[in-house]
Amino acid sequence: MENVFDTIQETSEHLCGATNTTVKKADDIDPRESNYSAAVGAAAPAPPAAAYDDSNNALMGTKGNAFAHVESVQVLSSTRSKSSRVLLHPMTVLFPESKVTAIMGPSGSGKSTLLNFLTGSIQGNLKAKGEVNLAGQMGFVPQHDHLHGFYTCRTYMEHYTRLAGMKINDENTNFAKELLAGLGMDNHAGTIVGDMFRKGLSGGQKRRLSVALEALSRPETLFLDEPTSGLDSESAFQVMKFLDDYARVPGRRVILTIHQPSSFIWDMIDHVVLLSKGKLMYQGPRADIESFFAHNGSPCPTNYNPADHYVTVVNDEFQLHTKSVEEWAAAFLKWQGSTELEHDLEVALSKSASFPPGVVADSVKRSSNAGHTPLSQASRGNAVSATFELTRRYLLNLYKNPGIIGTRLFMYGMLSMLIGILFWDLESKNSYSSVTSRIALLFYCVAFFVFMSVAAVPFAVIERGIVEKEVMNGYYHPAVFQLSQAIASIPGTFLLAFVTTVITVTMTGLREPLWYFLNMFLALNCAESLAQLVSHVVPHFIIGIALIAGMYGMFMLLQGFMMVPSEFPSWLRWSYDIAFHTYSWRTFMFHEFNGDGIAFDSVEFPTGMDVLRVYEIENVNPTNDMIVLLCYSVVIHILSFIVLHLRHVMHKAKQVYIGAFPEE
């Protein structure tokens, strides 16, 4: 049997050039590669000894057999009559230490699902069963680059240094520079990322920056979803070279999905996991994959990209295959039994106290697993430093992103000036029409300036993608983000309230400018907090805008301007107290019309108190209403905390157990 496999191996090497990595001589090594490889490993903390076992490492030749055992990942059926669709079938996959593992397969094979299984990112109506055993901290680079557009590459690296709880010192600064240089970004260190308002990095450069940001804190396991997608051939090669250097540090491993690697990139992959229709077609060293396919009658043709060949062969949706997916899966199980891989799988599974070979627990039971340190719960920084850093980031976003505050400030200012022109020196007039003008003006100030807060919803929803990535990577709990967002939104609402107060009160002559400012400031805080809450629960910002617009339309009807509370239907009278517009508008009205010296040349409204009596707000206590507005905003923020925490808990409850090896 050994002679047969030796012959197959020689044949495969002749056909596809599948050879082991060539060791370079000292004179052949590029000095930049040598320096960079040293820099990637510099100051990297050694993995804890308890996380590994030195025995029985036939596959890797190094300590630390990481593995994932998939029992199933399936789509939950919406009706009992339909059977659940299985996305991943039972399999056990090894992830060698100090190696680059590529998850490959045709479209729809389950590559992304397996990566989500490994990273604890199972979403929606999926149910996962199984276990993932990895050591140390995890870093995940998603396929889509979720980045803020106002940072430069250099300042973004500094931001992530602080966010990860590391200090800005010479060592970390130099390491960040080496990372950017290793990814070909050193000439773009001062270039902004860019967004819809400003041109910045290209798509490929953003992809490389995303990789550098997650490598900055030196996670032991670095996951990447299609890291070469959208890159030219040279950039893709350099990214893979970077990942190869990164993985060589003891205790680390790189796990990535890749769709169609070039021949050069194929040679940089150490370990291959090949899937088709959710089933395992092959796993093992890249150098051995040709032996398997040649043994089963499908050797790689001469001068053909091996990756393309293997993916094509296991895709039975077209007429280019010799075996079905089920036949390839059975062939691999048979071939696996004749290699050392079977032994390595048994050794890896034996390290799991909660999942001995042949025994798989449901993900909902994983909390009873003792002796494990959950990988997904590890935090890179701490709540206090993360709160300060996120607050700083949000304030920078307000200052540098014209869409968040600049456009709104312009619109608030222009509309306030239009109000001032239309209602110029209104306070000096005492006719009946001046009374109705005051009432309409105060209603408009509450209704429209509050309504304009919907402009914050799209940016809050866009921010959510960044936050979800950072929460999954362990930078902070989502509640920390909400706290920082609540704090950082105060300067923006203060500025908007100040501009509208100065322009409107100065030009119209409305009374009590300080009360006007306080009222507008608190009302805008309520609107801002409501926009944040809605952004946490809607899937798209269009839905969020429509939802808030509907709520504000209802609040306008209920605030007491169009119909006084006594005329509400008896079963709906309680709704008058629900809208925060109610407390803002009636406080505006009270300070404008309350007072003994306020009189008008009008039969209907001889005094200001008559106006207040008509609207049934003559006994309003403005101080109490301001306290209500403050509490209203706080309650909405608390609801946001609850929503984010429940989503976080529910998301974690859907994941399989992710832990480290138990201590021997």
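That block above? That's the structure.
(A) Fine view of the pattern of salt bridges. This model, assessed by the stated rule, comprises 17 salt bridges. Where K279 meets E326, a salt bridge forms, and the shortest distance between an N and an O atom there is 3.5 Å. With a gap of 47 residues between them, K279 in strand β10 (residues 279-285) and E326 in helix α11 (residues 325-336) connect regions that are remote in the sequence. Looking at E326, the relative accessible area reads 44%, which means it is partly exposed. One salt bridge connects R392 with E389, and the closest N-O pair in it is separated by 3.3 Å.

(B) Region of interest: the packing of aromatic side chains. Evaluated as defined, the whole model comprises 34 aromatic pairs. With 4.6 Å between their ring centres and 40 degrees between their planes, Y151 and Y156 make a pair best called tilted. Residue Y151 is classed as buried on the basis of its relative accessible area, which comes to 4%. A residue is classified by how much of its surface remains accessible, and Y156, at 0% relative accessible area, is buried. Each member of the aromatic cluster is reached from another via a ring pair, and the members are W266, Y282, F292, F293, Y310, W328, F332 and W335. Positioned above the aromatic ring of W328, the side-chain terminus of K323 is 5.7 Å from the ring centre.

(C) Highlighting the side chain of Q205. Relative to the helices and strands, Q205 is located in helix α6 (residues 203-215). Filtering out sequence-adjacent residues up to four positions away, Q205 remains in contact with M185 and H188.

(D) Region of interest: the pairing of strand β7 (residues 221-225). Among the 5 residues of β7, 5 are classified as buried, and the element is accordingly described as predominantly covered. Of the two faces of β7, both are covered, the one formed by T221, F223 and D225 as well as the one formed by L222 and L224. Where strand β6 (residues 138-141) lies against β7, 4 bridges are found, and the strand directions are parallel. Across the sheet, residue G139 finds its bridge partner in β7, namely L222.

(E) Looking closely at the pairing of strand β9 (residues 271-276). Taking burial as the measure, the 6 residues of β9 include 6 buried ones, the bulk of the element. Burial along β9 is two-sided: the residues H271, V273 and L275 and V272, L274 and S276 are all buried. Across 4 bridges, the pairing between strand β4 (residues 100-104) and β9 is parallel. Of the residues in β9, the one forming a bridge with I103 is V273. Between β9 and the antiparallel strand that follows it, β10, lie 2 residues; K277 among them carries a positive phi value of about 55 degrees.

(F) Expanded view of helix α4 (residues 153-163). Here α4 has its buried residues at C153, Y156, M157, H159, Y160, T161 and L163. Packed against the buried residues of α4 are α5 (170-182), α6, α13 (383-400) and α16 (457-472). Directly beyond the C-terminal end of α4, a positive phi value near 80 degrees is found at G165.

(G) Highlighting the nonpolar core. Core analysis: the biggest nonpolar cluster contains 100 residues, and L118, L209, L243, L274 and Y476 have the highest contact counts within it. By residue number, the principal contributor to this core is helix α7 (residues 233-247), which donates 7 residues. Residues in contact with Y476, not counting those within four places in the same chain, are L163, A386, L390, R393, V467, E470, V471 and F481. Judged by nonpolar contacts, the second largest core, of 69 residues, contains L426, A527, V611 and Y615.

(H) Representation of the environment of A460 in the model. Along the chain, A460 turns up in helix α16. Taking relative accessible area as the criterion, A460 reaches 14% and is therefore assigned buried. Spatially, the C-alpha atoms of A460 and Q532 are 6.6 Å apart, while their sequence positions differ by 72 residues.

(I) Geometry of the environment of S217. Among the structural elements, S217 can be located in the loop between α6 and β7. Accessibility expressed as a relative area gives 21% for S217, which makes it partly exposed. Separated by 78 residues in sequence, S217 and G139 place their C-alpha atoms 8.6 Å apart.

(J) Expanded view of the sheet that holds strand β8 (residues 253-257). Across the sheet, 6 strands lie side by side as β6-β7-β8-β4-β9-β10; this open sheet has mixed pairing. Each edge of the open sheet carries a strand with a single partner, namely β6 and β10. The average angle at which neighbouring strand axes cross in this sheet is 15 degrees, direction not considered. Against the sheet, helix α3 (residues 111-119) engages β4, β6, β7, β8 and β9, with an angle of about 150 degrees to β7.

(K) Expanded view of the state of the cysteines. Applying the stated rule across the entire model yields 0 disulfides. The structure places no disulfide on C526, whose sulfur is separated from the nearest cysteine sulfur, that of C631, by 9.6 Å. Overall, C526 belongs to the buried group, its relative accessible area being 0%. Classification of C631 as partly exposed rests on a relative accessible area of 40%.

Quick notes on the rules
Residues numbered from 1 in each chain as written. Predicted model: local features only at pLDDT ≥ 70, side-chain atom pairs only at ≥ 80, totals over all residues. Heavy atoms only, no water. Salt bridge = Lys/Arg side-chain N within 4 Å of Asp/Glu carboxyl O. Helix = DSSP H or I, 4+ residues; strand = E, 2+ residues; numbered from the N terminus. Buried < 20%, exposed > 50% of the residue type's maximum accessible area, 1.4 Å probe, protein only. Phe/Tyr/Trp six-rings, centres within 6.5 Å; stacked < 30°, edge-to-face > 60°. Lys NZ or Arg CZ within 6 Å of the ring centre and 35° of its normal. Contact = heavy atoms within 4.5 Å. Pairing = 2+ DSSP bridges. Core = buried A, V, L, I, M, F, W, Y, C linked by side-chain atoms within 4.5 Å. Axes fitted to C-alpha atoms, helices over the stretch in contact; angles between N-to-C directions. Disulfide = S-S within 2.5 Å.

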